[in-house]
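Residue-level listing of the chains:
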Amino acid sequence: MVYPDSKIIMSFALGAVLASNVAENVRGDENSGSTAFVLGVDASFLQRIEDSGGVYFSDGLPADALAIFQSHGVNYVRLRLWHTPGSGYNNLNQTMLMAQRVKSRGMGLVLDLHYSDTWADPSHQVKPAAWASLSFNELITAVHDYTQNVVTALKNKGALPDIIQIGNETTYGCLWDDGRVGGSFEGNWSQFAALLNAAIAGVNDSLDAGQSVRIMPHIDRGGDNATCRWFFDNILARGVTFDIIGLSFYPWWHGTLTELQQNLDDLAVRYEKEIIVVETAYPWTLDWFDGTNNIVGLSSQLHVGFPATVEGQRDFLCTLTNIVRDAPQDKGIGLMYWAPDWISTAGMGSAWENLALFDFGGHALDSMHVLSKRFTGFDLGDFAALQRCFTGPGGSPSEPACIRFDFDCDNDLDIEDYAEIAAALTGP
Ligand SMILES: [Ca+2]
Ligand SMILES: [Ca+2]
């Protein structure tokens, strides 16, 4: 690789910009990431994996998975909450402990309310058993009171969420059949909206004066503009007020990256709401480690240009992050990787060990570096790395410590990357 003099000059110029912006960046860091680009992970499995013997490593040393994520630029953690799950995990008590652990690290928290005792998704929205025989009006009250109670409980533990997801992948509604929409349930939109509004009121009624939480409905279909329009048109027409559009984008289910980009382009302008790709993942291998069947294992599930390698995973994440960040009117505010910690352990199999951001032995993959600080601010501590990566010798975009500076994901450190870094340093 050739490093022309202009790069060296720009590198030193960046140093001056860095120095003049450090104070501002430090102040921004104290703000719990609330205005920073959201680089999140869903770590809802983490306690269970740890209890099953899972250990994580970074640079060969064992470490707290959350610390590893944070040192790689992750600033938000998402936790799902089930009403009365069969296991001892993802209930209120265990979620409160994890939420405190997240908050104690100064990270942002996304609470993912499933309104079910188990997985809620476009094919399953089963009411909690405790609510199975309630009338619709009683269900409205239950949703309000439960939401108020769980948010109050978190608040009282010093772990008030920053963003609350009112339902999980509610593409066809929630709390079936009362809140079911689509197909023969198309007449149910008003009931579904009433349930969402009850949840929102429950959040608001849990807050003290001066506190605020951003509300995020969530559906899958990140690459399906027609379904996204259908969903958000319908809830907005029925007075559901919210802050953020949450979309899942699993590339083997939800379309191409181009379709995602076109969808974000439309939604950002159509609704003028912030958007987070709240679930995504990509495989670093098609191999597997245990007897629990994996979600992804076929080359036909991959996207052209993104092989199932650590580099392919890195390139996917880099490209996806840019697509979100480049949505119109700065409405793309982040993405969250689903279960990057779901390694296989002796006590718990994984359907996701080839989609994690750790290898089969729990060692952080180099692809994790792509998240690092790309959109959350550089500081003086990054200057030496900047210089070394751009001016060599030895610096190259394939080196883990340098991956984060390749903003345009072309596996080259060049003038375009300088422009992005300068922009990151000088802020909006
Ligand atoms: Ca497996
Ligand atoms: Ca580049």
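Report on the accompanying structure.

What follows is about the overall build of the protein chain. On a plain count of helices and strands, the protein chain comes out with 12 helices and 11 strands. A burial count over the protein chain gives 48% of its 428 residues as buried. In the protein chain, once contacts between residues fewer than 6 apart in sequence are set aside, the share between residues at least 24 apart is 76%.

This part is about the sheet that holds strand S11 (residues 332–338). Read across the open sheet, the 9 strands follow the order S7-S6-S5-S4-S1-S11-S10-S9-S8; overall the sheet is parallel. Because the sheet does not close on itself, it has two edges, and the strands there are strand S7 (214–216) and strand S8 (218–219). Alignment of strand S9 (residues 244–248) against strand S10 (residues 274–280), held across 5 bridges, turns out to be parallel. Pairing of Ile244 across the sheet is with Glu274, part of S10.

All right, on to the environment of Ser116 then. Secondary-structure assignment places Ser116 in the loop between strand S5 (108–113) and helix H5 (136–156). C-alpha of Ser116 to C-alpha of His83: the two residues are 33 residues apart in sequence and 5.6 Å apart in space. Once you skip the residues sitting within four places of it in the chain, Ser116 turns out to touch Trp82, His83, Gln125, Val126, Lys127 and Pro128.

Right, let's get into unusual backbone geometry. Put simply, Trp176 and Asp177 share a cis peptide bond, and its omega is 0°. Among the structural elements, Asp177 can be located in the loop between strand S6 (163–166) and helix H6 (189–204). Residue Glu169 is not a glycine yet carries a positive backbone phi of 45°. Position of Glu169 among the secondary structure elements: in the loop between S6 and H6.

Counting 116 residues, the largest nonpolar core has Ile164, Leu195 and Ile276 as its most contacted members. For this core, the domains that each give at least three residues are domain 1 (1–36 + 377–428) and domain 2 (37–376). Ignoring any residue separated from it by four or fewer positions in sequence, one finds Ile276 in contact with Val38, Met216, Ile244, Gly246, Ile333, Gly334, Leu335 and Met336.

We now examine H5. The end-to-end C-alpha separation of H5 is 30 Å, in line with the 30 Å expected for 21 residues at 1.5 Å each. For H5, the set of buried residues is Leu139, Ile140, Ala142, Val143, His144, Tyr146, Thr147, Val150, Val151 and Leu154. Residues of H5 that are buried sit in contact with strand S4 (76–81), helix H4 (92–104), S5, S6 and H6. Just downstream of H5, Gly158 is the residue with a positive phi angle, here 75°.

The buried fraction of strand S1 (residues 38–42) amounts to 5 of the 5 residues, a majority that puts the element mostly inside the structure. Inspection of the sheet shows S1 paired to S11 by 5 bridges, in the parallel sense. Bridge pairing links Leu39 to Leu335 in S11. Note that S1 and S4 share 3 bridges and pair parallel. For Gly40, the partnering residue across the bridge sits in S4 and is Tyr76.

Right, let's get into helix H10 (residues 383–391). Three or more residues of H10 are buried, namely Leu386, Cys389 and Phe390. Mapping the buried residues of H10 onto a view down its axis gives an arc of 90°, with all of them on the same face.

Let's shift gears to the pairing of S9. Taken residue by residue, a regular strand's side chains alternate between the two faces of the sheet. Counting buried positions over the 5 residues of S9 gives 5, a clear majority of the element. Residues Ile244, Gly246 and Ser248 line one face of S9 and the alternating positions Ile245 and Leu247 line the opposite face, and both faces are buried. Bridge analysis of S8 against S9 gives 2 bridges, and the strand direction is parallel. Looking across to S9, one finds that His218 is bridged to Gly246. In this fold, S8 hands off to helix H7 (residues 225–237), which returns the chain to S9; that crossover is right-handed. Regarding topology, helix H8 (residues 257–271) serves as the crossover connection from S9 to the parallel S10, and that connection is right-handed.

In this section: the packing of H8 against helix H9 (residues 310–325). Orientation of H8 relative to H9, taken along the N-to-C sense of each, is 15°, at an axis distance of 9 Å. With respect to H9, the axis of H8 lies roughly parallel. For H8 against H9, the interelement crossing comes out right-handed. Of H9, the residues touching H8 (which contributes Leu257, Leu260, Gln261 and Leu264) are Thr319, Leu320, Ile323 and Val324.

This next bit is on the environment of Tyr250. When you line up the elements, Tyr250 lands in the loop between S9 and H8. As for Tyr250 and Glu279, which are separated by 29 residues in sequence, their C-alpha atoms are 7.2 Å apart. Once residues within four sequence positions are removed from consideration, Tyr250 is found in contact with Glu279, Thr280 and Ala281.

The rules we used
Residues numbered from 1 in each chain as written. Chains lettered and ligands numbered in written order. Predicted model: local features only at pLDDT ≥ 70, side-chain atom pairs only at ≥ 80, totals over all residues. Helix = DSSP H or I, 4+ residues; strand = E, 2+ residues; numbered from the N terminus. Buried ≥ 20, exposed ≤ 12 C-beta atoms within 10 Å, placed from the backbone. Contact = placed C-beta atoms within 7 Å. Pairing = 2+ DSSP bridges. Core = buried A, V, L, I, M, F, W, Y, C linked by C-beta atoms within 7 Å. Domains from an automatic or database assignment. Expected span 1.5 Å × (residues − 1). Arc of directions from axis to C-beta. Right-handed = clockwise from strand over helix to strand, strands pointing away. Axes fitted to C-alpha atoms, helices over the stretch in contact; angles between N-to-C directions. Parallel < 35°, antiparallel > 145°, perpendicular 65-115°, else oblique. Left-handed = near helix turned anticlockwise from the far one by under 90°.

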